[in-house]
Amino acid sequence: MKKKVAFYTLGCKLNFSETSTIARGFTEEGFDRVDFSEKADMYVINTCSVTENADKRFKTIVKQAQKVNPEAFVAAIGCYAQLKPEELAAVDGVDLVLGATEKFKITDYINDLSKNDFGEVHSCEIEDADFYVGSYAIGDRTRAFLKVQDGCDYKCTYCTIPLARGISRSDTLSNVLKNASEISEKGIKEIVLTGVNIGDYGKGEFGNKKHEHTFLELVQALDQVEGIHRLRISSIEPNLLKNETIDFVSNSDSFVPHFHIPLQSGSDDILKKMRRRYLSGLYVDRVERIKETMPHACIGVDVIVGFPGETEEDFLETYHFLNDLDISYLHVFTYSERENTPAAIMEGAVPKKVRQKRSKMLRGLSAKKRRAFYESQIGTKRTVLFEGENKEGYIHGFTENYVKVMAPWNPELVNTLHEVELTEIDESGLVRFNFIREALFA
Ligand code: SF4
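Small disclaimer: the values here were computed from a predicted structure and weren't measured.

Bringing the domain arrangement of the chain into the picture now. As far as domains go, the chain holds domain 1 (4-128), domain 2 (130-256), domain 3 (258-274 + 284-376) and domain 4 (381-440). The straight-line distance from the C-alpha centre of domain 1 to that of domain 2 is 25 Å. Between domain 1 and domain 2, the residue contacts involve 21 residues of the former and 24 residues of the latter. Here domain 1 meets domain 2 over a buried area of about 1,700 Å², counting both sides, of which 64% is carbon and sulfur. Three residues stand out in domain 1 for area buried against domain 2, namely Lys13, Leu14 and Ile126, and they jointly supply 32% of the buried area on that side.

Laid out in structure tokens, this is it:
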């Protein structure tokens, strides 16, 4: 009887791409992959260290698996497993905990899947995580997350990712291009480039600290790959998003006009305390350059509220900075202390209530910005990639500049690209449209 394995992934696109690659390894070993809600012989949980209450979430997911099959073998991998291996191993029902280097060799650590009395830990010092493993995930058959880079050499004072994922290192350009072709041969229309600090692409490509290629060279090379209709840059540090890259994207047929750029704070004092590698002025330059070359571009912004020492003035400076900036939406993160980070022992902790109030204000601003951006696109002609899920009788899709549209469910539209004219924003905040032209790419 083929053994069954199920996966649960927390966190970022990078985690999803790695789960997908690890799952392919199980299939090659003769396992059947089943949904996490189904009975399986083994459950693998790919953890995240950034998720709020990561520990509570993890315990709930383990309980969920045990409820379906109390005999099943449970393994924990990912960033939280690298940071807190013993803590996860002590959770009732956990049999195996693997760190950043071991996770890709997980099938080497399992034998007859009989449960262990206590979680077995195979974890390394993060310094040993200096090699690169490529991966990609095919989401809902319409877009793929392609990992191009891992780890980070930056030292932002609130962040645990370098502790969980190690130094900055990149896939070889030839391997990225091979993966991209492989994905497009599967009929996937959109590739999302993912990593930890993808703007640092090229570093450690051949296991050393040198930059063999730049991010711009990666973008230029991917732009030449046949059969890829859309390339989307997931998130990129402002100081690593060069004007040349912005200009190249503005003239590219495959790279879409959508940028997600972490800001974190609009106050230069707070940016310095965060040890970010830019000040607000550079951020304004990037946004202006994007909007000059691509007025219809969508710009998403990460921002943290409640960082230690953030006064009401600092917060209002951030609020007005964002309010005045021509951006399209915000991802708002409420600061929470992370062990072993410099910020966790900084003075001036902001009361939780104040953090929540500030977070609420910025989420309100994000809704206003997204509405204004969508309104600015009404009447324009765009291309929509339709997704594969029937959501209560409707099909959703995204334009190249990340406007979310909806239409009555039609299975023939799945994974097709259509030229449309955006007509109105409906009561759910999504955009309606008229079809202009049948599928550009069947
Ligand atoms: S750039 Fe900063 S916030 Fe981003 S992963 Fe690196 S250390 Fe963390």
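Structure's up, so let's keep going.
On to the environment of glycine 119, then. Its place among the elements puts glycine 119 in the loop between strand E5 (96-98) and strand E6 (120-122). In this structure glycine 119 touches Ala89, Val94, Asp95 and Leu96, once residues within four positions along its chain are discounted.

Another aspect to go through is the packing of aromatic side chains. A complete count under the given rule lists 13 aromatic pairs for this structure. Measuring from centroid to centroid gives 6.4 Å for tyrosine 158 and phenylalanine 307, while their planes differ by 85 degrees, and the two rings are edge-to-face. Within this pair, whereas tyrosine 158 is found in the loop between strand E9 (149-150) and helix H5 (161-165), its partner phenylalanine 307 is found in the loop between strand E14 (298-305) and helix H11 (312-324), the two being separated by 149 residues in sequence. Aromatic pair phenylalanine 398 and tyrosine 402: ring centres 4.6 Å apart, planes at 15 degrees, arrangement stacked. Owing to a relative accessible area of 12%, phenylalanine 398 belongs among the buried residues under this scheme. An aromatic cluster of at least three residues, connected via ring pairs, comprises Phe7, Phe26 and Phe31. The residue whose ring lies beneath lysine 147 is tyrosine 132, and the NZ or CZ to ring-centre distance is 4.9 Å. Lying over the aromatic face of tyrosine 154, arginine 277 brings its terminal NZ or CZ to 3.7 Å of the ring centre.

Calculation criteria
- Residues numbered from 1 in each chain as written.
- Predicted model: local features only at pLDDT ≥ 70, side-chain atom pairs only at ≥ 80, totals over all residues.
- Heavy atoms only, no water.
- Domains from an automatic or database assignment.
- Contact = heavy atoms within 4.5 Å.
- Buried area = accessible area lost by both parts, 1.4 Å probe.
- Helix = DSSP H or I, 4+ residues; strand = E, 2+ residues; numbered from the N terminus.
- Phe/Tyr/Trp six-rings, centres within 6.5 Å; stacked < 30°, edge-to-face > 60°.
- Buried < 20%, exposed > 50% of the residue type's maximum accessible area, 1.4 Å probe, protein only.
- Lys NZ or Arg CZ within 6 Å of the ring centre and 35° of its normal.

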